[in-house]
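# Close look at the chain arrangement
Below are the chains, spelled out letter by letter.
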Amino acid sequence: MRLRHRDGPLTRELVREPGGFGLGQVPSRLKPDAVASLVCGFCSTGCSLDVHLRDDGPVNITPSVRYPVNQGQACPKGWEALAPLAASDRAVTPLWRDRRGRLQPISWPVASVHFVERFRALLDRHGPDSVAFLSTGQIPTEEMALLGALAKFGMGMVHGDGNTRQCMATTAAAYKESFGFDAPPYTYADFEESDVIVLVGSNLCIAHPIMWERIRANRHDPEVVVVDPRKTETAMAATRHLAIHPKSDLTLMYGLAHLLVRNGWVDREFVDTYTSGFEELAAHVEAFPPERVSAVSGISTADLEDLAALIHGGERVSFWWTMGVNQSHEGTRTAQAIINLALLTGNIGRPGTGANSITGQCNAMGSRLFSNTTNLFGGRDFSSGADRNDVAAILGIDAGRIPTRPSWSYDRIIDAAADGTLRGLWVVATNSAHSWIDQSRLREAMSRLDFLVVQDMYATTETAELADLVLPAAGWGEKDGTFINSERRIGRIRPVARPPGAAIPDFDIFRLLADAWGCGDLFRAWTTPEEVFRLLARLSQGRPCDIGGITGYDMIDRAGGIQWPLPAGTDAVPAEERRLFSDGRFFHRDGRARLVVGDPTPVAEPVSAEFPLVLLTGRASSSQWHTQTRTAKSAVLRAMSPADPYVEMAPADASARSLVTGDTTLVRSRRGSMRARVVVTPTIREGQVFVPMHYGATNRLTHASFDPHSRQPAYKSAAVQVGPATRRER
Amino acid sequence: MSLLSAVPAIGETEEVVVTPSAGGALTAVEQFAEYHDHVLAPGGRRYRDLIPTERPGPGHQYAFEVDLDACTGCKACVAACHSLNGLEDGETWRSVSLLHRGTAAEPVLQTVTASCHHCLDPACLRGCPVDAYEKDPLTGIVRHLDDQCIGCRYCTLSCPYEVPAYEPRRGIVRKCDMCHGRLEAGEAPACVQGCPNEAISIAVVDVAASRAAAESGMSVPGAAPSFITGPTTVYVGSRREALTRGAPSPEPTGPAHDHPPLAVMLVLTQLAVGAFVIGLIRAVIGGGSGPAPAVDAGLAVASGALALAASVFHLGRPRYAHRAVIGLRHSWLSREIVAFGGFTGLAVLYAAVVASRLRLPAGWTETLGWLAASSGATAVACSVMIYATTRRASWRVGTVASRFGLSGVVCGSAALAWAAVVTTGPGSARPLLVLVAAAAALKLAGEATVFLPGRPADHADRVRRARLLKQDLRPRVVTRFGLGALSGVVLPLAAVWLSAGAHPAALPAALLASGALGGCVAAEYAERSLFFTTASAPR
């Protein structure tokens, strides 16, 4: 008898062998017989993933080696991108809420009849302000374009916004006013070219790990400065960290501009030639001497002077920001204050420079250009007759079908639901009942709706659980289309799996509903995602986002993604990495960028004796995506982050409350409370607490205040208290 | 590709017919990006620098090397390992921990990626009862033999880094093999390939130097002291020093696994040995006559049989349970099994002898009894060592020995008391009932010391345990102490009181003794369950 079994069926299960397709060794039982590349459907980095196919189905994923964005790397979400498709709780049939309040399966024809009857009745009885839709940055451009066209041109809706309001509205508003168009100017190669990199409110290592990889690939030994109230993973990895007081970023930026002006470190030649508003800016920042800025931000005057000198001394300085800036009550002015620093020092249009907003969702950029929500197609204006005529001519529709007024923003849509004006809402691929700020208010508003339609991959999202009608959608990996990433790169997705049951691509849902509504004729040309892409290319012509030179999906595949713009008649093979403004010409009519300034304003909810702590929220791990609708489906991703909500506290705040790491406590605001485990850490300053955004209860605490220019919610400031939970609450 | 051509025309069975938009997609096979076998392996150019060019020579072995400055906590290594090794849903062979250190003025946040440390003296290998681990003599890679494993899970407790993990679908443990096949082919292991920051690489280390480093203290930041097993992973980086400064805060971890069959097995084996030893002492004192010795030994045997049955439920692959004696030379688990098997056999023999009233030569019966008793005691001692050698803070040898020993006294005497009350009347059970009450009170008091304030030794772990007991595990703690006090102290004393006098109340006493036995076993089970759930790897 053998005593030891070195081989056998269990051992063989883990055997690896060369996988072919340039993959190196793969598990033998998962060896692919075909490989398909598609860009990732989580964040805006836009990595390309190779899906391994075997016996008709997707079996594995590896990051694409030759794609310019990620060069063979991916974060855990990318590696695990197939898991959400195989989840057992996929919506596999339309669902209708019966009289007893339970969702019952119905057929597509019945679902579309319900949809049409209910929305039509509301429109007829209460007018166009009684219905709205909420779109998303998570579906392909072609689908969101069809949704925007169908709802606004076909169904007669005026109001539709997207969840991109929660992530990129501030940047869009800032760029539009400063540059004349919502145009992130950079390409990822700029990470590798800079000698000074300033990251404001951006935890790149966690939120965009593959962009951090690009910084690590920088061969110029760059100074990396992180401006963030918390000592984040990125702050640890940086060469300098400025732990500013929460919401003192606008003052800090003006303080830096003050020093640049005072020290004569302004690139006057660039400023005089390519910008306007310098005199106003100089006068404005006069009022922000280091002493004042230091008092507000908590950064010493010496550190301020050092940072100004660093920005001045850098040959190629790039400025980057993410949600720390965007999700603020004064985010637009803060983003513009960062843009101003780049313009003042001439750090734009050259390799390694730029005022660069890092996008959130995989297709937020597609939404900003082509969702037909806030802007008319191609960054046009609903209130402009000329723009409406343009679009009508290209699409071959009656210009009278195009609404003449802009849509309500997301917050206004929720307000209208709360006050009874809005009665019907159609939510597509977003989870408002988790992600929207101040949940008690949002849920109160949703409960007043007569009709709520949720179109999603799962009928189990917090929002779908409130729906009257659920439409089951195919997900990433089950459909065709394109995303536009942070650096304006258009990338391709394609079907590698079959949607389960009766779930179909959102594109097909919209076409089905168009027919049911009786406006299908308007969309005869919108037959396939690729045809829509060509329509969008035509709509973009002559606009800053002109992609008239992209002939079709094949060209995108061959080029490894294509950055906009690419007007017709330009190179057939575009350069892999392209940035904007190398000629110093911006998109305003006079070609000049605007130096925009405004006065800092107090936060909407300052701390008080009763609620003495500032609540910061944000992304906490690379394995959790937003409301975890998808990432929670992967057991591997779940294992990478705590299942239960937690709150990070400073040691002094914790010991004042007799709390130690691991205790269960209660975090309370004026609006609600949540249970959370305490994590005591010096990485957060006294007087602040941090709670990850991924837990359903977090937005019970947040305070619904908004940037006045972008209407983006200010998720990163609210007043809370933390105390041990009583036994009942535990 | 029939997948794509098999997609049905959407809505074709319904009234509303929509032509599929995925039209282009249906022929996507033609659009698949072109791949050729001559394309570089993932990151082929880059990873050449991250694996050694030569295989380890004598006195050397492979080791992971981690640049802590480059690790930024993205955890791609965990996912890459999972996917490139085809692991089961949710199975991970690598983990990334997060250390919060430093002061408010100088906070330190460090993510630490770790997998198997391919130790110089692997505790998994030492403890494995079936020799399912081997350390490759050339590469030093500690490999797990999946087909040899019986799924006893002892290695998941004995490894101070909690690396081996149980895979329930197959009923075995699996762990990192450093992608040895990839290394042989000149390819980087999955985690090395998957790290965007090139924080993980493979090094060839000098075993002697590794041993010296391990003996000097903390090789693995935030994890167990390295002198236990000699982990070979080399952690480098500028913050190495800062990580060891300052007392680590208690871990925020929740309860660990409670291993129900194991808890049942432990309580019942201790009951069996306790009952046998106490019964033997009674027999010796009482002259070995009457029905009591046979009943007592029979009880012990029955409990032992139940324990054996429970232990089989614990195994992932019970049909290979017989392999568990292979590791006798080094595994306390093998020794426990052998000793307990010996005890059971001898106890059966002894019970048969006393029950059948065989006339053996003088002293033989008693000697047989003592032989069985000593192998029973040896088995319990082996049980103690199984846990004590894991070096977990809550499993110090004294703690475990007193717990297991007192469990034997409490449950064993409760069982004998019950038998005595039922068979010969309450009067004869009085000394046993007093013994139950005394041992139970002593044991409960000892366990309650975890809640006492300010004992410096093991402080962090004790705070963690106290928090778990007071918060997460509260219901079980209430059961353990409430039931323990009631059935271990109150009921036995009540039975003693009832059995006083010339006309003891037989039926109530029998009920009380039954309640005491059932309650004691249940309360000890609750204690053992807390024993497992509150344990955490050594720090």
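We now turn to the structure provided with this report. Fair warning: this is a prediction, and the values are worked out from it, not measured in the lab.

## Focus on the interface of chain A and chain B
Facing 95 residues of chain A, the contacting portion of chain B comprises 100 residues. Summing both partners gives a buried area of about 7800 Å² for chain A against chain B, and 56% of it is carried by carbon and sulfur. On the surface where chain A and chain B come into contact, there are 5 salt bridges. For R16(A), the salt bridge goes to D177(B), with nearest N and O atoms at 2.9 Å. Linking chain A with chain B are 25 residue pairs in polar contact (both at pLDDT 80 or more). Taken together, the residues of the side of chain A that touches chain B sort by class into 43 nonpolar, 24 polar and 28 charged.

## Re the packing of aromatic side chains
All names here are of chain A. Taken as a whole and judged by the stated rule, the model has 39 aromatic pairs over all chains. On the numbers, 4.8 Å between centres and 65° between planes, the contact of F179 with F581 is edge-to-face. Here F581 lies in the loop between β21 (562-563) and β22 (593-594) and F179 lies in helix α5 (residues 169-179), a separation of 402 residues in the sequence. Take F179: its relative accessible area is 0%, and that puts it in the buried class. Given the relative accessible area of 5%, F581 is considered buried. For the cation-ring pair, R488 lies above W564, with the distance from its terminal atom to the ring centre recorded as 5.7 Å. Stacked on the ring of Y458, the Lys or Arg K633 has its end atom at 4.2 Å from the ring centre.

## Some words on the pattern of salt bridges
Residues and elements named next belong to chain B. Tallying each qualifying case throughout the model produces 56 salt bridges over all chains. A salt bridge links E524 to K443, with the nearest nitrogen and oxygen atoms 2.6 Å apart. A residue pair is termed long-range when its members are at least 10 positions apart, and E524 in helix α20 (residues 506-533) and K443 in helix α17 (residues 430-448) qualify at 81 residues. Each of the salt bridges in this network shares a partner with another, and the network as a whole consists of R403, K443, E447, R480, E524, E527 and R528.

## Quick word on the packing of helix α13 (residues 290-297) of chain A against helix α14 (residues 301-313) of chain A
Residue and element names in this part refer to chain A. At a minimum axis separation of 9 Å, α13 and α14 run at an interaxial angle of 110°. The angle between α13 and α14 places the two elements in the roughly perpendicular class. Here the hand of the crossing between α13 and α14 comes out right-handed. Where α13 abuts α14, its residues P290, E291, V293 and S294 lie against T301, L304 and E305. When the residues that make up the contact of α13 with α14 are grouped by side-chain class, the tally is 3 nonpolar, 2 polar and 2 charged.

## What about the environment of K479(A)?
Residues and elements named next belong to chain A. Tracing the chain through its elements places K479 in the loop between β18 (469-472) and β19 (481-484). Counting along the chain gives 18 residues from K479 to A497, while the straight-line C-alpha distance between them is 8.4 Å. When residues no more than four places from it in sequence are discounted, the contact partners of K479 are I139, P140, E143, A474, I493, R494, P495, P505 and D506. Polar side-chain contacts of K479 include one of 2.8 Å to the side chain of E143. One polar contact links K479 to D506, side chain to side chain, over a distance of 2.6 Å.

## Remarks on helix α18 (residues 385-395) of chain A
Residues and elements named next belong to chain A. For α18, the complete set of buried residues consists of D387, R388, V391, A392 and L395. Across the axial projection of α18, the buried residues extend over an arc of 130°, all falling on one side. Among the exposed residues of α18, those pointing more than 90 degrees away from its buried face are A386 and A393. The positive-phi residue at the C-terminal boundary of α18 is G396, with phi of around 65°.

## Regarding helix α10 (residues 249-262) of chain A
Residue and element names in this part refer to chain A. Taking 1.5 Å per residue as the helical rise, α10 with its 14 residues ought to reach 20 Å, and the 20 Å between its terminal C-alpha atoms agrees with that figure. Summarising burial for α10: 12 of the 14 residues are buried, a large majority. Residues of α10 that are buried include every one of D249, L250, T251, L252, M253, Y254, G255, L256, A257, H258, L259 and L260, and no others. With its phi angle positive at about 70°, G264 sits one or two positions after the end of α10.

How each quantity is defined
- Residues numbered from 1 in each chain as written.
- Chains lettered and ligands numbered in written order.
- Predicted model: local features only at pLDDT ≥ 70, side-chain atom pairs only at ≥ 80, totals over all residues.
- Heavy atoms only, no water.
- Contact = heavy atoms within 4.5 Å.
- Buried area = accessible area lost by both parts, 1.4 Å probe.
- Salt bridge = Lys/Arg side-chain N within 4 Å of Asp/Glu carboxyl O.
- Polar contact = N/O pair within 3.5 Å; in protein donor to acceptor, adjacent residues only side chain to side chain.
- Nonpolar A, V, L, I, M, F, W, Y, C, P; charged D, E, K, R; others polar.
- Phe/Tyr/Trp six-rings, centres within 6.5 Å; stacked < 30°, edge-to-face > 60°.
- Helix = DSSP H or I, 4+ residues; strand = E, 2+ residues; numbered from the N terminus.
- Buried < 20%, exposed > 50% of the residue type's maximum accessible area, 1.4 Å probe, protein only.
- Lys NZ or Arg CZ within 6 Å of the ring centre and 35° of its normal.
- Axes fitted to C-alpha atoms, helices over the stretch in contact; angles between N-to-C directions.
- Parallel < 35°, antiparallel > 145°, perpendicular 65-115°, else oblique.
- Left-handed = near helix turned anticlockwise from the far one by under 90°.
- Arc of directions from axis to C-beta.
- Expected span 1.5 Å × (residues − 1).

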